[in-house]
Structure formats: C-alpha cells, structure tokens
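Below are the chains, spelled out letter by letter.
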Amino acid sequence: MWVLSILKRKFIGESGDPSQDEQTQKARVAALSQILDVLPDAAAIIDASDQVLEASANCVAMGLVSGDRLAPVEVRALNREVQRLRKTQSRECVINRSGSKLGAWEARIQISPIDEDLSLMIAQDLSEERRLNDVRRDFVANVSHELKTPVGALSLLAEAVQAADTDIEQVRRFTSRMQIEVKRLTAMISDLVALSQVQGDLALRNSTPVEVRNIIAEAVDATKILAEQNNIEVTIGDDVETGRVFGDEQQLVTALSNLISNAIKYSPANTKVGVGSRRVENMIEISVTDQGPGIPDSDVERIFERFYRVDPARSRDTGGTGLGLAIVKHVCANHGGECTVWSQIGQGSTFTLRFPAYLNGSASPTEVSGK
Ligand code: ADP
C-alpha cells in the first residue's frame, strides 16, 4: 500500500492536481522505474489500453509483458475490470512463459488505479507459498501417521493385558512390549521438539565459540550406552581438531550424536565406528565412519528428508524416528555448514559435518587449528 501512496503522490502531486502534459508524465513514469526495480515482486505501470509504460526488469522473463503490452489475457481482463470499477482488483492465475524452459508459474495479480488512466500492476509468485503449504500439510500427515502406530499398538497391548487377567507371564510380556512402544513415542516427541527448535527463528540464540573437542567428547558420551548395547566400539581419532566453531553447543552436539547413533544402529555388532576431525582451510570437518551396510546411491539424496528411511522395517526395529538426519541438516544450515555423505554398499558410510572455523575474537587461525 505504501508503494501506491508514493505513486499517487508522484502522479497527482501533493496538491492533487494531475498534470496532463505528456512530457511531464513521461518523466514521472521514468522516475518510477527505479521504484519498480526494488519491489520484491514483478511490477509494471500500465494504462487503460494495456500498454506498459514502465516495468520491473523481470516482467518480460516472467511472461507478463511482451513488447510494450501486457501479455496474459487474464491480466488484461483484470485491467478492464479495474478501469470499470475504479478500484483495486486482484486475481490468481497461471502465467505462461512462452519460449522459456521454465514453463508456467502461478501468480497473484493485483492492479490498483493510480490516476484516471494509469494503474500499478504487481504480480506475486505463489509457487513458493504453495510449496511451503504442501510441505506443511505433508508434515502434519506424516507426524499423525508416525504417532498413530505406537499409540495403536499401546491400545491393543492394554486390551491384551486386561484379557490376560491373572496370567502373570502374559502380563509381563505385554507390558514389556508396552515399554518399547512408549520409548518409541518418547523418541518421536523429543525429535519433533528438537526439529522445531533447530528450525525456529531463534535457533541460534545461544551461540558462543565452541571447542570441537568438546562437541566430539559430549556426543560420544551421549551415545555410549547405545554403543555398549550394540557391541560397537566407538573410537576418537588421535589428531582430533582443537579449533572452535561459533554456534549453539547443544545443537552441534545433537547433530554429531545423531550421526554417531545412526552409525551404531545400522552397523553389525562387533564393528567399529570412528569419529575424527580436521581443519581444511577455513572450515572444520567432523566425520563419523562406520563399517555398516552402506546406503544405495539412489537413497543418499533423500535420507535428509523428514521421515525418509532406506529400509522402514529396519529403522522401526532400531527405534529410528526418521528425523535424525533432518535435524542434522537444519543444524548445519543454521551454522553456515553442510553435511556430506560418502557410502559404499557392503563397505560402510562416512558422514562429514563441515562448519566455518571460528577465527575472530581471541582465536587467531593458529589458535583455532591448534597447530
Ligand atoms: P532414522 O531415525 O530412521 O535413523 P535418520 O533421519 O537418522 O532416521 O536416517 C534416515 C535413514 O538413513 C535411516 O532410516 C537409514 O535408512 C539411513 N541411514 C542413516 N545413517 C545411516 C548409516 N550410518 N548407515 C546406513 N544407513 C543409514
């Protein structure tokens, strides 16, 4: 709306007396081109006969303007309506980009009259909004599905306990299965909370320089019991990086713990998991290597998606929530880093976290590398 009031002032003048002089109008329209270019959406100044007097740079590429005229039939029809009603009108439509590989896009077109003849057209791209809505809807559906499974199992087990009555052996068997389902529910809820925290706007409010050695020690400690239960030996490399990363220690530890617990969960008993770190130029890498089954190439791209599992039955057996790597991905993004995967079927996998090294403040590059 602020744009419109600026435009109106430009065209009509503070006195409210519109100039009819063609030259003056041309000069004013030219002045507006700068405003159009800084708008986040595609925008144009158009007249009653669909002529485009000025347009933001992306209008042609987006199929809104062809030559000096409005291209889409729907937008021209909307312009007619605005001329007839003399007030702002908007409409959602699909705009074709003829001659472009990018194809059609969904737009919300708004046309507002500026003076008797001219109007401002703004075209907002709806694809991102639609994509986010789809992602949200899928996520809610997935969460409901994931929660329904253990809740359904608990309900059946409770009925079974009731029916078992005085048969103490049966009661013991059913209640221990109830404990497993409760564990599953608890893991799912705590991963959902962790995911929402790392995705939140305040995701990095507790940032400090964090020692890489501490991240590794805490993550290995957090996964110690799991490693013992699975007969996996977790070793930390001798030349572990002594630098620092600027960020939220809890998040960084969670990300590394998720990678270590995956390495433990998916590896056969009596194998080793190695955790190491090194400095590569201004980045610090922390890697987790296992001797597990490896991940097929076709799945590697997708394992960071929420609820994606290579083998859903295996993940269920290991108590996986399908959220561990999604959390890792967000922690990396929050810290300006990334997580990469090397994997070979039958040989194992290496997950590598890569974060910018903390160089400023009291830590010089030499101090950070500890070399
Ligand atoms: P989950 O809770 O199922 O482990 P994650 O998001 O942590 O969910 O991992 C997604 C999927 O990636 C897992 O279900 C598993 O199929 C695969 N995966 C992750 N880490 C490993 C690993 N170290 N070795 C083999 N497969 C792995």
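On a predicted model such as this, the values are computed, not experimentally measured, just so you know.

The rules behind the values
Residues numbered from 1 in each chain as written. Predicted model: local features only at pLDDT ≥ 70, side-chain atom pairs only at ≥ 80, totals over all residues. Heavy atoms only, no water. pLDDT = per-residue confidence, 0-100. Contact = heavy atoms within 4.5 Å. Pairing = 2+ DSSP bridges. Helix = DSSP H or I, 4+ residues; strand = E, 2+ residues; numbered from the N terminus. Salt bridge = Lys/Arg side-chain N within 4 Å of Asp/Glu carboxyl O. Buried < 20%, exposed > 50% of the residue type's maximum accessible area, 1.4 Å probe, protein only. Near = heavy atom within 4 Å. Polar contact = N/O pair within 3.5 Å; in protein donor to acceptor, adjacent residues only side chain to side chain. Areas by Shrake-Rupley, 256 points an atom, 1.4 Å probe, with all protein chains shown as cover. Nonpolar A, V, L, I, M, F, W, Y, C, P; charged D, E, K, R; others polar. Core = buried A, V, L, I, M, F, W, Y, C linked by side-chain atoms within 4.5 Å. Axes fitted to C-alpha atoms, helices over the stretch in contact; angles between N-to-C directions. Parallel < 35°, antiparallel > 145°, perpendicular 65-115°, else oblique. Left-handed = near helix turned anticlockwise from the far one by under 90°. Phe/Tyr/Trp six-rings, centres within 6.5 Å; stacked < 30°, edge-to-face > 60°. Lys NZ or Arg CZ within 6 Å of the ring centre and 35° of its normal.

**Details of the confidence of the model for the chain**
Summary statistics for the chain give a mean pLDDT of 87 and a share of 89% for residues scoring 70 or more. Note that pLDDT drops below 50 for residues 1-6; the model gives that stretch eight contacts with residues more than four away or on any other chain. When the criterion is pLDDT under 50, residues 362-371 qualifies, and its contacts beyond four places in sequence or with other chains add up to 23 contacts.

**Things to note about the pairing of strand 12 (residues 283-290)**
Pairing of strand 11 (residues 272-280) with strand 12 involves eight bridges; the strand directions are antiparallel. Of the residues in strand 12, the one forming a bridge with S277 is I286. The loop that links strand 11 with its antiparallel partner strand 12 comprises two residues; one of these, E281, has a positive phi angle of about 50 degrees. Note: strand 12 against strand 14 (residues 348-356), seven bridges, orientation antiparallel. Residue V288 lies in a different strand from strand 14, and its bridge partner there is F351.

**A look at the pattern of salt bridges**
The full count for this structure, using the stated rule, is 16 salt bridges. For the salt bridge of R131 with E128, the shortest nitrogen-to-oxygen distance reads 3.1 Å. Of this pair, R131 and E128 both sit in helix 4 (residues 127-164), three residues apart, which is roughly one turn of that helix. Residue classification places E128 among the partly exposed residues on the basis of a relative accessible area of 44%. Between E181 and R184 there is a salt bridge; the shortest N-O distance is 3.3 Å. Taken together, the positions of E181 and R184, both in helix 5 (residues 168-199) and three residues apart, correspond to about one turn of that helix. As far as burial versus exposure is concerned, E181 and R184 are alike and both buried.

**What about the site of the ligand?**
The immediate surroundings of the ligand are formed by 19 residues, with N262, Y266, S315, T321 and G322 found nearest. Between Y266 and the ligand, the recorded distance is 2.6 Å, taken from a side-chain N or O atom to an oxygen atom. One of the side-chain N or O atoms of D290 is found 2.8 Å from a nitrogen atom in the ligand. Alone, the ligand offers 530 Å² of accessible surface; in the complex the protein occludes 96% of this. It is helix 8 (residues 249-265) that provides the largest number of residues to the shell around the ligand, a total of three residues. Of the residues assigned to the shell around the ligand, the class counts are nine nonpolar, seven polar and three charged.

**Looking at the nonpolar core**
One finds L256 and L353 to be the most contacted residues of the largest nonpolar core, which totals 46 residues. The greatest single-element share of this core, amounting to eight residues, is contributed by helix 8. Among all residues touching L256, those that are not within four sequence positions of it are I215, I216, A219, I286, V288 and L353. Ranked by size, the runner-up nonpolar core spans 20 residues in total, among them A42, C93, M121 and A123.

**Some words on the sheet that holds strand 1 (residues 42-47)**
Overall, antiparallel pairing links the five strands, which are arranged 2-1-7-6-5 in an open sheet. Edge strands, defined here as strands with exactly one partner in the open sheet, are strand 2 (52-55) and strand 5 (89-95). Strand after strand, the sheet turns through a mean of 25 degrees between neighbouring axes, direction not considered. Relative to strand 2, strand 1 runs antiparallel, the two sharing three bridges. Along strand 2, the bridge assignment pairs I46 with V52. In this fold helix 3 (residues 73-85) packs onto strand 1, strand 5, strand 6 (105-113) and strand 7 (118-125), with an angle of close to 170 degrees to the strand it touches most, strand 5.

**Structural notes on the packing of helix 6 (residues 212-222) against helix 8**
The N-to-C vectors of helix 6 and helix 8 enclose an angle of 50 degrees; their axes lie 8 Å apart at closest approach. On the basis of their axis angle, the class for helix 6 and helix 8 is oblique. Crossing hand, helix 6 versus helix 8: right-handed. Between helix 6, through N214, I215, I216, E218, A219, V220 and A222, and helix 8, the contact on the second element is made entirely by E249, L252, V253, L256, S257 and I260.

**Topic: the packing of aromatic side chains**
Under the defined criterion, the tally for this structure stands at three aromatic pairs. In this structure, R306 is placed above the aromatic ring of F139, and the distance from its NZ or CZ to the ring centre is 4.3 Å.

**Observations regarding the packing of helix 4 against helix 5**
Helix-helix packing is characterised by the crossing angle of the two axes and by the distance between the axes. With their axes 9 Å apart at the nearest point, helix 4 and helix 5 run at an angle of 160 degrees to one another. With respect to each other, helix 4 and helix 5 are oriented roughly antiparallel. In terms of crossing hand, the pair formed by helix 4 and helix 5 is left-handed. Here the residues of the contact of helix 4 with helix 5 are counted per class, giving 20 nonpolar, two polar and four charged.

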